[in-house]
Amino acid sequence: GVEGILGLRLHGDGISIQPCLPKTWRTACVTIKGPAGSLSITIQDPERLGQGIAEITVAGVPAGTKVAFPTDGSVRQVEVRLKRLLDRPADFAKVT
């Protein structure tokens, strides 16, 4: 389910995040329960890119693409924002 449509892959003690949303979605929210805690994940795609670079924060702190489940019974807040793979400056000039 969430692995295919949201780009979340379960690993032993957590998940890896490589978002993949339908382009008609701007936001997706999911809670995934681990053995001793949960991850509450919000994926934001304001430009409706579907895929791109994922900026990930866990409890407001920048994080990598792999996020571990908490081990104390808590719910860890994970925020993901999709950005373009290549952002070119507005004044980018094509060389001919």
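In this report, we go over the structure that sits alongside the text. (Residues numbered from 1 in each chain as written. Predicted model: local features only at pLDDT ≥ 70, side-chain atom pairs only at ≥ 80, totals over all residues. Heavy atoms only, no water.)

### Thoughts on the pattern of salt bridges
Once the charged atoms of two side chains with opposite charge are near each other, the side chains can pair.
At step 1: The final tally for this structure, using the stated rule, is two salt bridges.
At step 2: Arg84 is the salt-bridge partner of Glu47, the closest N and O atoms lying 3.2 Å from each other. Here the residue Glu47 occupies a position in the loop between β4 (38-44) and β5 (53-58), and Arg84 occupies one in the segment after β8 (75-83), the gap between them amounting to 37 residues.
At step 3: Its salt-bridge partner being Glu55, residue Lys83 comes within 3.3 Å of it at the nearest N-O pair. Placement of Lys83 in strand β8 and of Glu55 in strand β5 is noted, with a sequence separation of 28 residues between them.
At step 4: The class of Lys83 is partly exposed, set by a relative accessible area of 32%.
At step 5: Taking relative accessible area as the criterion, Glu55 reaches 38% and is therefore assigned partly exposed. (Salt bridge = Lys/Arg side-chain N within 4 Å of Asp/Glu carboxyl O. Helix = DSSP H or I, 4+ residues; strand = E, 2+ residues; numbered from the N terminus. Buried < 20%, exposed > 50% of the residue type's maximum accessible area, 1.4 Å probe, protein only.)

### A look at unusual backbone geometry
At step 1: The phi dihedral of Arg48 falls on the positive side, at around 55 degrees, and the residue is not glycine.
At step 2: Residues other than glycine seldom take positive phi values, yet Ala59 does so here, at roughly 55 degrees.
At step 3: Note on placement: Ala59 falls in the loop between β5 and β6 (61-63).
At step 4: In this structure Ala59 comes out as exposed when scored by relative accessible area, which is 62%.

### Brief notes about the side chain of Asp45
At step 1: Mapped onto the secondary structure, Asp45 falls in the loop between β4 and β5.
At step 2: One buried charged residue, Asp45, forms no salt bridge at all, with the nearest opposite charge on Arg48 at 7.4 Å.
At step 3: Within polar-contact distance, the side chain of Asp45 engages the backbone nitrogen of Leu49 at 2.9 Å.
At step 4: With sequence-adjacent residues up to four places away left out, Asp45 is seen in contact with Leu21, Trp25, Arg26, Gly50 and Leu82. (Lys, Arg positive; Asp, Glu negative; His and termini not counted. Polar contact = N/O pair within 3.5 Å; in protein donor to acceptor, adjacent residues only side chain to side chain. Contact = heavy atoms within 4.5 Å.)

### Brief notes about the sheet that holds β8
At step 1: With mixed pairing, five strands are arranged side by side in an open sheet as β3-β4-β8-β5-β6. Sheet topology places β3 (27-33) and β6 at the edges, where each strand pairs with a single neighbour. The mean angle between the axes of side-by-side strands here comes to 25 degrees, regardless of whether they run parallel or antiparallel.
At step 2: Two strands pair when backbone bridges link them, and β3 and β4 are joined in this way by seven bridges, in the antiparallel orientation. By the bridge assignment, Thr31 is partnered in β4 with Ser40. (Pairing = 2+ DSSP bridges. Axes fitted to C-alpha atoms, helices over the stretch in contact; angles between N-to-C directions.)

Note that every value here comes from positions in space, so none of it alone points to a role or purpose.
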